[in-house]
Amino acid sequence: MNTQKQIKADKIISRITTIIALIVLVVLVIWGGKTLFGYIKYEETNDAQVDEYINPVTARVSGYIKDVKFEENGDVKKGDTLVLIDDNDYTVQEDEASASLLNAQAQVSVQQSNIKTAQSTALVAEAKIAAAKAKLWKQQTEYNRYKKLFDAESATRQQLETIESLLQVAQAEYQAAKEDYATAVSRTNDIKAQSDVLQSEIKRRQAIMKRNNLNTSYTVILAPYDGKMGRRTIQAGQLVQTGQTIAYIVDRSAGKWVVANFKETQIAKMHVGEMVNVEVDAFPGKSFMGEIESLSAATGSRFSLLPPDNATGNFVKIAQRIPVRIRLDKQGSDIDLLSAGMSASVKVKRDGKND
């Protein structure tokens with residue numbers, strides 16, 4: 001009896017073992033077939049990372065930080081105030097430049113008044129020329145008449161000499177009047193030339209004032225676009241220099257992409273615009289669709305700091321990697337879950353055709 005029970009139990013165990021083995025075999029066949037099918041149909045790589053623009057926020061002027069308005073890893077909108085720098089020094093320079101500009105502009109009114117005065121003086125000098133010319137003509141006529149009388153012995157030499165001296169005085173006055181007029185015109189031109197110089201000075205001071213206004217505006221550092229702030233390393237009261245990096249911002253407005261490094265033997269049939277399936281390690285089982293945006297012009301090693309030279313030393317052939325940039329399609333809010341640097345796996349159809 002016990003022997004029969006033992007035989008029956010062995011048969012049950014054998015049957016169960018056979019069933020389990022068949023199940024495992026079926027699973028392995030299915031998994032192997034699926035893997036083989038995927039290998040035949042797709043080019044795959046797990047040498048890929050999510051990427052997006054991460055740009056530094058730099059100070060355009062030096063000064064002490066007055067206040068920090070952003071939070072570490074906080075979201076910001078374009079135009080949001082990130083940092084305030086103490087602007088007292090810059091507002092003083094702004095006021096000084098404004099006062100200098102007002103002074104130069106006031107001098108313009110003085111110059112205009114001087115020009116009018118000089119022009120009036122020139123007109124008076126010109127009128128004096130006409131009067132001196134008339135007087136000279138009268139004295140010349142008088143001298144000619146007395147000269148004829150003297151030749152006819154109807155006038156004395158003393159009378160002729162007196163008239164001659166008056167003629168010389170009239171000639172001197174006429175010459176002086178012309179010189180006064182020339183001097184007045186020259187002074188008018190000099191003042192006008194000074195006005196041109198003053199206008200240039202006004203433009204220079206306007207440029208200085210504009211620069212000071214810009215420097216003052218630079219004390220308020222704004223977010224250049226929608227994004228997310230990185231690590232915060234600054235505090236109020238800290239001195240920053242021009243060009244110093246004070247924070248990093250991730251540009252969310254420029255979108256996200258994946259850089260997949262395929263072997264050179266895998267990219268023969270890849271082309272721009274081809275659809276790609278992306279899986280990110282952080283979200284297993286979740287797929288993201290993308291599109292090949294560009295293929296690198298050279299292998300990744302050629303863009304390294306010290307590109308390899310196969311002509312030196314012993315040569316070992318290694319399959320090179322070609323970076324392929326894949327733009328991720330915006331699929332609701334799912335893409336917002338991805339962060340730069342996340343590891344990913346990428347699959348591209350071998351035939352180079354989209355579904």
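In case you missed it, the structure is sitting above this.
To start, this report covers the structure provided alongside it. Only a predicted model underlies this, so the values are computations on that prediction, with no experimental measurement involved.

## Observations regarding the overall build of the chain
So, step 1. If you tally the helices and strands in the chain, you get three helices and 14 strands.
So, step 2. Relative to a compact globule of 355 residues, whose C-alpha radius of gyration would be 20 Å, the chain shows 48 Å and is clearly more extended.
So, step 3. In terms of overall dimensions, the chain has a C-alpha envelope of 190 × 50 × 45 Å along the principal axes.
So, step 4. When each of the 355 residues of the chain is scored for burial, the buried share is 27%.
So, step 5. Contacts in the chain between residues far apart in sequence, at least 24 positions, make up 81% of those at least 6 positions apart.
So, step 6. Accessible area for the chain stands at about 23400 Å²; split by element, carbon and sulfur atoms hold 54% of it.
So, step 7. Distance between charge centres in the chain, computed from 46 positive and 43 negative side chains, equals 6 Å.

## Some thoughts on a nonpolar patch on the surface
So, step 1. A grouping of Ile12, Ile16, Ile20, Val24 and Leu28 is seen on the molecular surface, where their side chains present a nonpolar patch of about 440 Å² in accessible area.
So, step 2. The partly exposed category is assigned to Ile12, whose relative accessible area is 43%.

## Digging into the nonpolar core
So, step 1. Val258, Phe262, Val278, Val280, Ile326, Leu338 and Val346 are the most contacted members of the largest nonpolar core, which has 22 residues in total.
So, step 2. Broken down by secondary-structure element, the contributors of at least two residues to this core are β1 (42–51), β10 (257–263), β11 (275–280), β12 (287–295), β13 (321–328) and β14 (343–349).
So, step 3. If you look at the next biggest cluster of nonpolar residues, it comprises 20 residues, including Ile65, Tyr90, Tyr225 and Ile249.

## Looking at the pairing of β11
So, step 1. Strand direction decides the pairing type here: β11 and β12, joined by five bridges, are antiparallel. Bridging across to β12, Glu279 finds its partner in Ser287.
So, step 2. Turn length for the β11-β12 hairpin, with the two strands adjacent in sequence and antiparallel, is six residues, and the turn residue Gly285 shows positive phi of about 85 degrees.
So, step 3. Two strands pair when backbone bridges link them, and β11 and β14 are joined in this way by four bridges, in the antiparallel orientation. Among the inter-strand pairings, Val278 is bridged to a residue of β14, identified as Val346.

## Thoughts on the sheet that holds strand β6 (residues 220–222)
So, step 1. A sheet is described by the order of its strands in space; here four strands give the open sequence β6-β5-β3-β8, paired in antiparallel fashion. Lying at the two open borders of the sheet, with one neighbouring strand each, are β6 and β8 (239–240).
So, step 2. Pairing of strand β5 (residues 81–85) with β6, which is carried by three bridges, proceeds in the antiparallel orientation. What sits directly across from Thr81, in β6, is Leu222.

Calculation rules
Residues numbered from 1 in each chain as written. Predicted model: local features only at pLDDT ≥ 70, side-chain atom pairs only at ≥ 80, totals over all residues. Heavy atoms only, no water. Helix = DSSP H or I, 4+ residues; strand = E, 2+ residues; numbered from the N terminus. Rg over C-alpha atoms; globule rule 2.2 N^0.38 Å. Buried < 20%, exposed > 50% of the residue type's maximum accessible area, 1.4 Å probe, protein only. Contact = heavy atoms within 4.5 Å. Areas by Shrake-Rupley, 256 points an atom, 1.4 Å probe, with all protein chains shown as cover. Lys, Arg positive; Asp, Glu negative; His and termini not counted. Charge placed at Lys NZ, Arg CZ, Asp CG, Glu CD. Patch = residues over 30% accessible without salt bridge, like charges linked within 9 Å, V, L, I, M, F, W, Y side chains within 5 Å. Salt bridge = Lys/Arg side-chain N within 4 Å of Asp/Glu carboxyl O. Core = buried A, V, L, I, M, F, W, Y, C linked by side-chain atoms within 4.5 Å. Pairing = 2+ DSSP bridges.

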